[in-house]
Amino acid sequence: MPNVKEQTFDLVHDTQFIYRQLLDVMFRPGQISSIQAASSRNADVSPLQAMIASFALTLLDGEVSFSVEMEDRSELESYIRKLTFSRVQTAAEADYIFADGKRKEDQVAGLFSKVNKGTLIRPEGGVTIFIAVDGLEAEGNAESCWTLTGPGIQESCTLCVQGLSKAWVEERAKANAEYPMGVDLVLFTESGYMTALPRTTIMKEVCL
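Anyway, here's the lowdown on the structure attached to this text. (Residues numbered from 1 in each chain as written. Predicted model: local features only at pLDDT ≥ 70, side-chain atom pairs only at ≥ 80, totals over all residues. Heavy atoms only, no water.)

Considerations on the overall build of the chain
What the chain contains, in helices and strands, is six helices and eleven strands. The C-alpha atoms of the chain give 17 Å as radius of gyration, which agrees with the globular expectation for 208 residues (17 Å, within 12%). For the chain, the C-alpha atoms occupy an extent of roughly 50 × 35 × 30 Å along the three principal directions. Looking at the 208 residues of the chain, the share that counts as buried comes to 49%. Once local pairs closer than 6 in sequence are excluded, the contacts in the chain between residues at least 24 apart make up 66%. (Helix = DSSP H or I, 4+ residues; strand = E, 2+ residues; numbered from the N terminus. Rg over C-alpha atoms; globule rule 2.2 N^0.38 Å. Buried < 20%, exposed > 50% of the residue type's maximum accessible area, 1.4 Å probe, protein only. Contact = heavy atoms within 4.5 Å.)

Things to note about the nonpolar core
F55, L60, I80, F98, F130 and F188 are the most contacted members of the largest nonpolar core, which totals 30 residues. Of all the elements in the fold, those that place two or more residues in this core are α1 (13-27), α3 (47-59), β2 (65-69), α4 (73-84), β4 (96-100), β5 (128-132), β9 (184-188) and β10 (193-197). Here this core takes eight residues from α3, the largest share from any one element. What L60 contacts, discounting residues up to four positions off in sequence, is F55, F66, I80, T84, S86, Y96 and F98. One finds I153, V161, A167 and M203 within the second-largest nonpolar core, a separate group that totals 28 residues. (Core = buried A, V, L, I, M, F, W, Y, C linked by side-chain atoms within 4.5 Å.)

Bear in mind that shape data such as this cannot, by itself, settle questions of function.
Here you go:
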């Protein structure tokens, strides 16, 4: 009989592990890391919900707010709120947003027109958006590939993504044009992989 305790998400050790992984990918843009071992312990929900729950349990509490820009929005918001006691807010006021990488161009543009990009005095107030995508690769034949440059990257690296509307990249560039203000993105898959695109990272599309 399996040890039930070992299969349960640990609010101390698993959240510490996920937080370290998030810091690592933020400091090393384009690097792909996995939190599958931790997220899979949220075994009573779908893989997508397990990943969102993992991020929520790591980052959210009663002092911060979030918004969901995905299908089944109300269900996911209720689920996260019960897990974390965090506050549901509009996209304009949220500290964290969970979104779908396949959202339409007008939906992405509308979202970026609202989100908090921080201020010159408090640039750290800019929102972090977690975007669900279908796949992440350091190279390959994904739908879209980008060359990344900037702080934390030695010369350059390549990131290929499946299931990410190009509108996300276009609107991100506009939102981050007035550095240090801007937004940070974390891309993640249901299978537990993730990478980060901080506001300082420059993306140039690779023609395959």
